[in-house]
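# Descriptive structure summary
What follows is the residue order along each chain.
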Amino acid sequence: MTDPNATESSLAGGAEPGIGPAGPSAAKPNAAQMASPSYRLPALDQDYLLGDSMRGLRFLLEYAKAEEELRAWGIRSTIVVFGSARVRPDTGDRHARWYNEALAFGRIASERGGALRVQDGLRDNVIATGGGPGIMEAANRGARDAGAPTIGFNISLPREQEPNAYQTPDLTFRFHYFAMRKMHLAMRANALVAFPGGFGTFDELFEVLTLRQTNKSPPIPIVLFDRAYWSAAVNFDRLVEDGMIDAADLSLFDYADDAESLWKTLVARGVCEIER
């Protein structure tokens with residue numbers, strides 16, 4: 001009878017008579033059977049777990065691991081900040097302004113939105129980003145400077161992305177699947193803020209806009225930072241003129257040009273501000 005307290009290493013077969021550290025003895029008549037990949041415990045067989053048939057399980061694991069930690073920290077809701085990873089604070093141009101405004105917003109939202117306060121074991125409006133450099137770093141940094149927890153939903157890329165140094169270590173997650181990462185970014189979001197960015201920012205922004213347009217997600221405020229940038233990058237009015245979207249769809253989002261007005265827009269759209 002199997003000992004219920006047995007460790008995975010013992011279940012893997014290391015304690016069987018005649019089996020040494022180097023594997024089955026060549027003298028054993030069942031050596032080939034013992035060495036066969038099919039004999040490995042599935043939970044300890046990395047080749048099997050990384051195979052095509054286990055993609056659904058890996059997807060589930062990426063959901064569950066982050067979800068358990070977020071619940072342990074009592075994260076009930078977030079404010080998600082998207083934006084370019086290429087923005088730096090020391091360039092002296094509008095990139096630096098975007099970085100500094102994202103930094104200021106991360107601090108303001110954390111101080112006024114409830115992330116500093118635990119109530120009935122829960123925190124609200126915790127800053128969440130994609131975990132990388134640039135705008136993501138700035139927003140995480142602002143939250144950290146305020147003394148609040150802050151989340152980084154990192155993604156494995158061919159050119160490895162490393163987590164920035166400002167996200168809370170216990171809330172620093174890593175995903176392989178973009179879809180599961182986007183699900184975690186969206187599922188607790190009380191608001192979405194899109195700073196200037198490239199393809200990744202556009203992907204995340206239009207994903208959320210589509211969910212709102214189709215009523216597949218609850219109403220949340222969506223604010224595009226720097227009207228001049230977004231008006232030049234996307235001709236939303238042309239989409240209306242050509243019948244690609246309805247004029248009413250333009251009400252799904254707002255614009256803001258500084259951190260303070262950004263926060264006030266979120267509050268006007270329903271984000272709760274705690275008493276100071």
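Residues numbered from 1 in each chain as written. Predicted model: local features only at pLDDT ≥ 70, side-chain atom pairs only at ≥ 80, totals over all residues. Heavy atoms only, no water.

### Regarding the pairing of strand S4 (residues 126-129)
Burial along S4 is two-sided: Val126 and Ala128 and Ile127 and Thr129, pointing in opposite directions, are all buried. Read from strand S3 (residues 78-82) through helix H5 (residues 94-113) to S4, the crossover connection turns out right-handed. As paired elements, S4 and strand S5 (residues 151-155) share 2 bridges and run parallel to each other. Each bridged residue has a counterpart across the sheet, and for alanine 128 the counterpart in S5 is isoleucine 151. (Buried < 20%, exposed > 50% of the residue type's maximum accessible area, 1.4 Å probe, protein only. Helix = DSSP H or I, 4+ residues; strand = E, 2+ residues; numbered from the N terminus. Right-handed = clockwise from strand over helix to strand, strands pointing away. Pairing = 2+ DSSP bridges.)

### Points about the nonpolar core
Grouped together as the largest cluster of nonpolar side chains are 60 residues, with contacts concentrated most on Ile79, Phe105, Ile151, Ile222 and Leu266. Considering every element that reaches this core, the biggest residue donor is H5, with 8 residues. Excluding anything up to four places from it in sequence, phenylalanine 105 contacts Ile79, Val81, Ile127, Val193, Ala259, Leu262, Trp263 and Leu266. (Core = buried A, V, L, I, M, F, W, Y, C linked by side-chain atoms within 4.5 Å. Contact = heavy atoms within 4.5 Å.)

### Digging into helix H4 (residues 55-72)
For H4, which comprises 18 residues, the first-to-last C-alpha distance of 26 Å matches the rise-based estimate of 26 Å (1.5 Å per residue) to within 8%. Buried within H4 are the following residues: Arg58, Glu62, Ala66, Glu67 and Leu70. Viewed end-on, H4 has its buried residues packed into an arc of 160°, placing them on one side of the element. Turned more than 90 degrees away from the buried face of H4 sit Leu61, Lys65, Glu68, Arg71 and Ala72, all of them exposed. Turning to H4, the residues buried within the fold contact helix H3 (46-49), S5, strand S6 (172-175) and helix H7 (178-187). At the exit of H4 stands glycine 74, carrying a positive phi of roughly 70°. (Expected span 1.5 Å × (residues − 1). Arc of directions from axis to C-beta.)

### Regarding unusual backbone geometry
Of note in the backbone geometry, aspartate 120 takes a positive phi value of approximately 55° without being a glycine. Assignment of secondary structure puts aspartate 120 in the loop between H5 and S4. Among the residues examined, aspartate 120 registers a relative accessible area of 75% and is labelled exposed. Of note in the backbone geometry, aspartate 226 takes a positive phi value of approximately 80° without being a glycine.

### Points about the packing of H4 against H7
Where H4 contacts H7, the two axes come as close as 9 Å, and the packing angle between them is 30°. Relative to H7, the element H4 lies roughly parallel. Remark: the crossing between H4 and H7 carries right-handed chirality. Together, Phe59, Glu62, Tyr63, Ala66, Glu67 and Leu70 of H4 and Ala179, Met180, Met183, His184 and Met187 of H7 make up the contact between the two elements. Classifying every residue of the contact of H4 with H7 by side-chain character gives 8 nonpolar, 1 polar and 2 charged. (Axes fitted to C-alpha atoms, helices over the stretch in contact; angles between N-to-C directions. Parallel < 35°, antiparallel > 145°, perpendicular 65-115°, else oblique. Left-handed = near helix turned anticlockwise from the far one by under 90°. Nonpolar A, V, L, I, M, F, W, Y, C, P; charged D, E, K, R; others polar.)

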